Amino acid sequence: MTGPGQRPRRGQGELEALVLSALREADGPATAGWVQERLGGDLAYTTVITILTRLLGKGAVTRERVGRSFAWTPASDQAGLAARKMRKVLDAESDRGAVLASFVTGLGPDEERLLRDLLDQAQSEGED
């Protein structure tokens with residue numbers, strides 16, 4: 001709950017998404033201070049560092065030392081991050097076939113067609 005004058009808490013992952021979005025807008029590796037400024041200075045510097053460190057642990061960003069600080073870069077685009085999350089969920093299940101079957105049966109006709117096209121494309125590239 002929030003009291004008078006307090007902002008509502010952000011949803012899980014919302015801050016990570018905001019930080020990643022800011023990093024994608026950078027012309028290159030960005031410092032935590034730059035990210036904080038880009039987000040309007042609303043977040044404490046330590047909060048930005050915490051979020052970046054969590055993203056590093058998830059493989060969503062990389063960092064390189066620049067002087068006494070670090071410069072951060074997104075490891076992949078939004079689609080790559082979503083694919084990494086899907087892979088993590090799949091890897092955590094013992095019956096991968098059941099998980100994939102359940103996923104596929106929930107696809108709409110257009111999504112199913114796209115998945116078939118992507119699988120066909122991957123197979124033909126593997127034969128080259």
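The structure displayed is predicted, hence computed values, not measured ones. (Residues numbered from 1 in each chain as written. Predicted model: local features only at pLDDT ≥ 70, side-chain atom pairs only at ≥ 80, totals over all residues. Heavy atoms only, no water.)

### What to know about the nonpolar core
Phase 1: Val19, Leu23, Leu52 and Leu55 are the most contacted members of the largest nonpolar core, which has 17 residues in total.
Phase 2: Where this core is concerned, the elements lending two or more residues are helix 1 (14-25), helix 2 (32-38) and helix 3 (45-57).
Phase 3: The contacts of Val19, once residues within four sequence positions are left out, are Val35, Leu39, Ile51, Leu52 and Leu55. (Core = buried A, V, L, I, M, F, W, Y, C linked by side-chain atoms within 4.5 Å. Buried < 20%, exposed > 50% of the residue type's maximum accessible area, 1.4 Å probe, protein only. Helix = DSSP H or I, 4+ residues; strand = E, 2+ residues; numbered from the N terminus. Contact = heavy atoms within 4.5 Å.)

### Comments concerning the pattern of salt bridges
Phase 1: With the rule as written, the count across this model stands at six salt bridges.
Phase 2: Here Glu16 ties to Lys58 by a salt bridge, and the two come within 2.9 Å at their closest N and O atoms. Note that Glu16 is positioned in helix 1 and Lys58 in the loop between helix 3 and strand 1 (61-66), a separation of 42 residues in sequence.
Phase 3: What makes Lys58 partly exposed here is its relative accessible area of 47%.
Phase 4: One salt bridge in this structure joins Glu112 and Arg116, with 2.9 Å as the shortest N-O distance. (Salt bridge = Lys/Arg side-chain N within 4 Å of Asp/Glu carboxyl O.)

### Digging into the domain arrangement of the protein
Much of the literature gives interface size as the accessible area that the parts lose upon coming together.
Phase 1: You can read the domains of the protein as domain 1 (12-74) and domain 2 (78-125).
Phase 2: Put simply, the middle of domain 1 and the middle of domain 2, counted by C-alpha atoms, are 29 Å apart. (Domains from an automatic or database assignment.)

### Here's the deal with the packing of helix 1 against helix 3
Phase 1: Look at helix 1 against helix 3: their axes get within 10 Å of each other, and the N-to-C directions meet at 85 degrees. As summarised for this structure, helix 1 and helix 3 are arranged roughly perpendicular, according to the angle between their axes. Along the contact surface, helix 1 presents Leu15, Glu16, Val19, Leu20 and Leu23, while helix 3 presents Thr47, Ile51, Leu52, Arg54 and Leu55.
Phase 2: By residue class, the composition of the contact of helix 1 with helix 3 is seven nonpolar, one polar and two charged. (Axes fitted to C-alpha atoms, helices over the stretch in contact; angles between N-to-C directions. Parallel < 35°, antiparallel > 145°, perpendicular 65-115°, else oblique. Nonpolar A, V, L, I, M, F, W, Y, C, P; charged D, E, K, R; others polar.)

### Digging into the pairing of strand 2 (residues 69-74)
Phase 1: Here strand 1 pairs with strand 2 via six bridges, running antiparallel. Residue pairing for strand 2: Glu64 is matched across the bridge by Ala71.
Phase 2: Once strand 1 ends, the chain turns through two residues before running back antiparallel as strand 2, passing Gly67 with a positive phi of about 65 degrees. (Pairing = 2+ DSSP bridges.)

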